[in-house]
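# Chain and residue survey
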Amino acid sequence: MNGEEEEKKKKKRSPVSYIIECSIYVIMILLCVFWVPEHVIQRTVVNGSSMQDTLHTGESLLVEKVSYHFGGPGRYDIVVFYPHGRAQAEEQKEEEYYVKRVFGLPGETIQIKGNEIYINNEVIPDEYAKNGVMDTAGIAGEPITLGEDEYFVLGDNRQVSKDSREPEVGPVKKENIAGHVILRIWPLSTFGIP
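This report concerns the structure included in the present document. (Residues numbered from 1 in each chain as written. Predicted model: local features only at pLDDT ≥ 70, side-chain atom pairs only at ≥ 80, totals over all residues. Heavy atoms only, no water.)

### Things to note about unusual backbone geometry
Geometrically, the link from Q52 to D53 is a cis peptide bond, its omega value of 10° lying close to zero. Within the secondary structure, D53 is located in the loop between β1 (41–45) and β2 (60–64). In this structure, Y76 is a non-glycine residue whose phi angle is positive, near 80°. By the secondary structure assignment, Y76 is in the loop between β2 and β3 (78–81). Judged by its relative accessible area of 22%, Y76 falls in the partly exposed class. (Helix = DSSP H or I, 4+ residues; strand = E, 2+ residues; numbered from the N terminus. Buried < 20%, exposed > 50% of the residue type's maximum accessible area, 1.4 Å probe, protein only.)

### Quick notes on the pattern of salt bridges
Taken as a whole, this structure holds nine salt bridges when the rule is applied. For D53, the salt bridge is made with K130, and the minimal N-O distance between the two is 3.8 Å. Of this pair, D53 sits in the loop between β1 and β2 while K130 sits in the loop between β7 (122–123) and β8 (144–145), and the two are 77 residues apart along the sequence. Close ionic contact of R165 with D135 constitutes a salt bridge, the shortest N to O distance being 3.8 Å. Highlighted residues: R165 in the loop between β9 (150–154) and β10 (172–173) and D135 in the loop between β7 and β8, separated in sequence by 30 residues. By relative accessible area, which is 2% here, R165 ends up buried. Judged by its relative accessible area of 48%, D135 is partly exposed. (Salt bridge = Lys/Arg side-chain N within 4 Å of Asp/Glu carboxyl O.)

Have a look at this one:
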């Protein structure tokens, strides 16, 4: 057997190797289609005016879902969460979620007086409120001390936002936060970090 024939034998692949290679590609595609959006990053679309002037109806956002497994949201992060709880959303195959901004962090005491937000009895900066107006303090009219896994969230358009001021939403547990909004991807004219 000469060297040329040996080289042809080496280059010839078995059907098993083709099956293995195709299987790897199929698994990768399935991971990208099903696992990545569920556990790593997903696209979501804004529906409503509760985050104006930062976000508007119809804008597409990218939400990353990994970092909050290693630490919690920070003050002023924009988060996506399940308002009625993750378990209920999964049980009812419910797609409803809210997009809001984090103000109160675990263990802090929050209160709203007029248009000012107090954390541990000190006013914090709030440059996000549309027109600087807050029509109601809701349940935060009285001091609320957040639990070790709770966050107080507000929409930027405080006059129409259903957020932690409402008894039916209240403080949001970390387990109900789906992820952190990291990028606005559509329309292209508003592309960037919100």
